[in-house]
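# Notes for the structure review
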Amino acid sequence: MAKQPEDWLDDVPAPQDEDDDEIIWVSKSEIKRDAEILKKLGAELVELSKSELERIPLDAQLLESIELAQKIKREGRRRQLQYIGKLLRSRDVDPITEALDKLKNRHNQQVVILHKLEDLRIRLVEDGDSVIEEVVALFPHADRQQLRALVRNAKKERESNKPPKAFRQIFQYLKELSESA
């Protein structure tokens, strides 16, 4: 029996549900942007010290590549950074970026602490005894007499336009106090 013109629809497959075989199209530009981001992450990792790298979850191959990039200069380093970026594409970078953020935040916290100590030092030299009491309240193991002597010397240096040796010593002493607290 010959097919009728209306029967040709019987040969066409039924449309499938689109959710089953969803294809995600990614543009070339997006792929390049992602690769550039990973290359920058690799460059940040290369700039870290050995002790900082130990705190970041890296596999042996990636760690070896980063250590090699730290030794290489110029064009070779650029190619090595591209290679590190390529290695990062095949890895889950979330734990790496989290660890790197923690390291950066620790650095930011240290900067904030140093700024507070700097402000405290300036107030010590300007206001004297009232701020010394504040320092002793913050750091109970602080030596009042040593602080008074340093503040007195810093004031004398400022009045006679001498180099600020005692001023620096106050900061070092405050830094030691904060580290031992």
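Quick look at the structure, then. (Residues numbered from 1 in each chain as written. Predicted model: local features only at pLDDT ≥ 70, side-chain atom pairs only at ≥ 80, totals over all residues. Heavy atoms only, no water.)

Residue position: Val-151 is located in helix H7 (residues 144-159). Sequence-wise, Val-151 and Arg-121 are 30 residues apart; in three dimensions their C-alpha atoms are separated by 8.8 Å. (Helix = DSSP H or I, 4+ residues; strand = E, 2+ residues; numbered from the N terminus.)

On the surface, a cluster of negative charge is contributed by Asp-92, Asp-94, Glu-98 and Asp-101. For Asp-92, the position within the fold is in the loop between helix H4 (74-89) and helix H5 (94-127). (Patch = residues over 30% accessible without salt bridge, like charges linked within 9 Å, V, L, I, M, F, W, Y side chains within 5 Å. Areas by Shrake-Rupley, 256 points an atom, 1.4 Å probe, with all protein chains shown as cover. Salt bridge = Lys/Arg side-chain N within 4 Å of Asp/Glu carboxyl O. Lys, Arg positive; Asp, Glu negative; His and termini not counted. Charge placed at Lys NZ, Arg CZ, Asp CG, Glu CD.)

Glancing now at the pattern of salt bridges. Pairing is possible between side chains of opposite charge, provided their charged atoms come close. Under the criterion given, the structure shown has 11 salt bridges. Ionic pairing is found between Glu-133 and Arg-148, a salt bridge with its closest N-O pair at 3.9 Å. Separated by 15 residues along the polypeptide, Glu-133 in helix H6 (residues 129-138) and Arg-148 in helix H7 bring together distant segments of the chain. Judged by relative accessible area, which is 36%, Glu-133 ranks as partly exposed. By relative accessible area, Arg-148 is classed as partly exposed at 31%. One connected set of salt bridges, linked through shared partners, spans Asp-129, Glu-133, Arg-144 and Arg-148. (Buried < 20%, exposed > 50% of the residue type's maximum accessible area, 1.4 Å probe, protein only.)

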